[in-house]
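Below, each chain spelled out in residue letters.
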Amino acid sequence: MSGDPILEVDNLAMRFGGIVAVNGLSFAARHGEITALIGPNGAGKTTVFNCITGFYKPTGGTIRLSHRDGKSYQLQRLNDFRISKIAKVARTFQNIRLFPGMTALENLMVAQHNALMRASGLTFLGLIGAPSWRSAEASAIELARIWLKRIGLLERADDAAGNLPYGDQRRLEIARAMCTTPALLCLDEPAAGLNARESAGLSELLMSIRAEGNTSILLIEHDMSVVMEISDHVVVLDYGVKIADGTPQHVRDDARVIAAYLGVEDDEVAAVEQELGL
Amino acid sequence: MAPLTPAPAAAATAAAAKKRGLDVAFIFKKSLISALVALVLFSLMIGVRTEAGPTGQLIYWTRFGDLAAMVGAVFAGSIVVELLRWWWGPVGTVHSVGPKVQGALSFAGRVLPPLMLGFTFLMPVIFYDQRYILDLGILVLTYVMLGWGLNVVVGLAGLLDLGYVAFYAVGAYSYALLATNFGLSFWVCLPLAGILAAFWGVLLGFPVLRLRGDYLAIVTLAFGEIIRLVIINWQSLTGGPNGISGIPRPTMFGIPLTPAEDGLAARLGIEFSPTHRIVFLFYLILALALLTNWVTIRLRRLPIGRAWEALREDEVACRALGINTTTTKLTAFATGAMFGGFAGAFFATRQGFISPESFTFQESALVLAIVVLGGMGSQLGVALAAVAMIGGFELFRGLDQYRMLVFGLAMVLLMIWRPRGLIGHRAPTVFLEQSRAISSDLVKEGR
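Definitions and cut-offs
Residues numbered from 1 in each chain as written. Chains lettered and ligands numbered in written order. Predicted model: local features only at pLDDT ≥ 70, side-chain atom pairs only at ≥ 80, totals over all residues. Heavy atoms only, no water. UniProt positions renumbered as here; feature names shortened; annotations may be inferred. Core = buried A, V, L, I, M, F, W, Y, C linked by side-chain atoms within 4.5 Å. Buried < 20%, exposed > 50% of the residue type's maximum accessible area, 1.4 Å probe, protein only. Helix = DSSP H or I, 4+ residues; strand = E, 2+ residues; numbered from the N terminus. Contact = heavy atoms within 4.5 Å. Buried area = accessible area lost by both parts, 1.4 Å probe. Salt bridge = Lys/Arg side-chain N within 4 Å of Asp/Glu carboxyl O. Polar contact = N/O pair within 3.5 Å; in protein donor to acceptor, adjacent residues only side chain to side chain. Nonpolar A, V, L, I, M, F, W, Y, C, P; charged D, E, K, R; others polar. Patch = residues over 30% accessible without salt bridge, like charges linked within 9 Å, V, L, I, M, F, W, Y side chains within 5 Å. Areas by Shrake-Rupley, 256 points an atom, 1.4 Å probe, with all protein chains shown as cover. Pairing = 2+ DSSP bridges. Axes fitted to C-alpha atoms, helices over the stretch in contact; angles between N-to-C directions. Disulfide = S-S within 2.5 Å.

Per an unreviewed UniProt entry, the recorded name for chain B is Branched-chain amino acid transport system permease protein, and the organism is Rhodopseudomonas rhenobacensis. The record held by UniProt for chain B lists under Subcellular location (unreviewed entry) the comment "Cell membrane".

By the naming in an unreviewed UniProt entry, chain A goes by Branched-chain amino acid transport system ATP-binding protein and is assigned to Rhodopseudomonas rhenobacensis. The record in UniProt for chain A states the following under Function (unreviewed entry): "Involved in beta-(1-->2)glucan export. Transmembrane domains (TMD) form a pore in the inner membrane and the ATP-binding domain (NBD) is responsible for energy generation." Per UniProt, chain A carries the Sequence similarities (unreviewed entry) text "Belongs to the ABC transporter superfamily."

1. Considering the nonpolar core
In terms of nonpolar packing, the biggest core is built from 149 residues, with Leu148(A), Leu172(A), Leu185(A), Leu206(A), Ile209(A), Ile354(B) and Phe359(B) touching the most fellow members. A total of 15 residues in this core trace back to one element, the largest contributor, which is helix H5 (residues 131-156) of chain B. The contacts of Phe359(B), once residues within four sequence positions are left out, are Val165(B), Tyr168(B), Ala169(B), Ala172(B), Tyr173(B), Arg228(B), Phe347(B) and Ile354(B).

2. Points about the interface of chain A and chain B
Each side of the interface is counted separately: chain A has 45 residues, and chain B has 38 residues. The contact between chain A and chain B buries some 3500 Å² in all, and 65% of this surface belongs to carbon and sulfur atoms. The tally of links from chain A across to chain B stands at 3 salt bridges. With a closest N to O distance of 2.6 Å, Asp314(B) and Arg97(A) form a salt bridge. The interface formed by chain A and chain B includes 11 residue pairs in polar contact (both at pLDDT 80 or more). The set of elements that each furnish at least two residues to the side of chain A that touches chain B consists of helix H2 (80-85), strand E6 (89-91), helix H3 (104-111), helix H4 (113-119), helix H5 (124-127) and helix H6 (131-150) of chain A. Here the side of chain A that touches chain B is built from residues that sort into 22 nonpolar, 12 polar and 11 charged.

3. Quick look at a nonpolar patch on the surface
All names here are of chain B. A contiguous nonpolar surface patch, about 560 Å² in accessible area, is contributed by Leu117, Phe119, Phe121, Leu122, Val125 and Ile126. You can see phenylalanine 119 is positioned in helix H4 (residues 99-126). Look at phenylalanine 119 and you get partly exposed, because its relative accessible area is 45%.

4. Digging into the environment of Thr53(A)
All names here are of chain A. Positionally, threonine 53 belongs in the loop between helix H1 (45-52) and strand E4 (60-66). Expressed as a C-alpha distance, the spacing of threonine 53 and glycine 193, which sit 140 residues apart in the sequence, is 23 Å. Each residue touching threonine 53, except ones within four places of it in the same chain, is listed here: Asp80, Ile83, Val89, Arg91 and Cys186. A polar atom in the side chain of threonine 53 sits 3.1 Å from the side chain of arginine 91.

5. Topic: the sheet that holds strand E3 (residues 34-38) of chain A
Residue and element names in this part refer to chain A. The strand order E6-E7-E8-E3-E9-E10 describes an open sheet built from 6 strands, whose pairing is mixed. Both edges of this open sheet fall to E6 and strand E10 (241-246), since each of them pairs with a single strand only. Sheet twist, expressed as the mean angle between neighbouring strand axes with direction ignored, is 20°. Bridging between E3 and strand E8 (residues 216-220) involves 4 bridges; their strand directions are parallel. Residue pairing in the sheet places leucine 37 in a bridge with isoleucine 220 of E8.

6. Some words on the state of the cysteines
Under the counting rule described, the total for this entry stands at 0 disulfides over all chains. Between Cys51(A), a cysteine without a disulfide, and Cys186(A), which holds the nearest cysteine sulfur, the sulfur-to-sulfur distance is 12 Å. Among the residues examined, Cys51(A) registers a relative accessible area of 1% and is labelled buried. Lacking any disulfide linkage, Cys179(A) is separated from the closest cysteine sulfur, that of Cys318(B), by 15 Å.

This is the structure:
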């Protein structure tokens, strides 16, 4: 199942004034896989995400996205909404960004904007209620219904998104991103704030998306149980630099990863203390 | 104990209010503070009176009696307000709309619009002889149409536009200039006026794409003033402050509404009456307003309308979903402006004379007030608010100089009672099982 790379990040750099958030980062994510991007707080994970999804313009480096049909896009050259519209990269946010005053169903309908816009003949066909528009709308509602069912929110389809419980909002945001029919789904800490049962449900959802094979997943996550369980490939960042890259098993045993997460070994600490005369 | 802390649930209000004790010390303290503030404020405003003497020197005298009376009134009034609050009980916040309110809302939503529409259709029949009422009806309908047009920009797309009158002016001047200079008929000029206004809407939209909130409001306000100043100063084209007169009256698809031989009355073989034209204008603006309403309702259910509302809710999320926020904002400005342009063309043909005085900032503020008062995004709310605002303005005419005072007070009270407008609920554009109104607490406001 590990095919050609869908995403190739090459020598990516992002500086904010004098602060170097990401420096010379290179990694690849393959088609049909779940790639996890992990690292301690402030390692630059979300910055990488924002570069990939066009919210930041990288200071240097290239981000190349290749579809299965051979088309490829230089993401650093596309601006914000085109990355989602043309290159088919969808994302969720660390702090949930649903449309709180719209219903769950409406949220999923907004996600299908570009397809529906074409079907409505840039609004004009829709305004006169052309049959082609009606059928397109019906199939859009059907797609939304399928997703609501998959995330277990079919009963709450007509409730305002802002009224849903936190865990439901997280899943709805993923469903909304999936309704854009993405080639690459970028999830920024999807398990944050979820209880054990909810994160197990999330893992299941992500595995089922991978099983369908149309969407590859790139995720940032702090919950190691989720990362180790579902990812095929893990990239570890620390201070904007890649320190490890490989299978979950490989990464788990890497001394530098352990050092980054847990600090350095005890005897090294003792050596430093001795040097300082403590 | 604090009798004024809001209870978490609103359900138990009435019962709880009766049980809560009357905290005399608290009320007394609060009233004393109010009286103290009043004393500080009024000691100079009322307590000391100054005047220039006959030789230019300063004369002053004290009015401690009046001051004491004012402070006493504030103290007593404050106690009365606190007692009323205690009597009413705490005000809780409800996040979801209760089933009872849902039922009442959907009932009102189903019954009220047909009733209002039916009444409006029959108005020229009922009040055929009362020209004043028909003129007032035309005025109200004009503002209903302007409110519905601005509602697209402010209520749906959430872009606070303080210069809407500019598009009204563009529409009016487009018709006036095209009709007086080239002799084009109203029915040719109407779409042209809409197109020109939409063009200016896009032109305004471009520089303000990156602005939101207060900044957007200021720039749109300035845009409204720019249009007005250009009209005043471009004398050779617009006639400057003198305006344009002799604007042709509308014809009923080519048949003039005059006592002439080829006029409508002569053709139908009935006696000519100037009311014919008023009735025709009434139905014309009604049709235009209903067109605005119909298009807006349709657009809300189309992807573009949902994108407008999504833009109001969260612009960043819109971009992440591949929505082109630039064109979405520009279409909102253009659509709103187009309806403003239609209304402007109608205004010009009704008045027969236009001047820059009709397009001051006050008009923008009035239309925005109608949209805000109606409940942003609600078509029914805007219609009700236009009736209340324009009708109320006429109702209080007998109060002369106190009219503005009473009117302002009524608006303040209304906004305390319904801070999110008359219809403070959002109706979903699409539903699977049942359309449930969304509480306004969740819906973002125009910024």
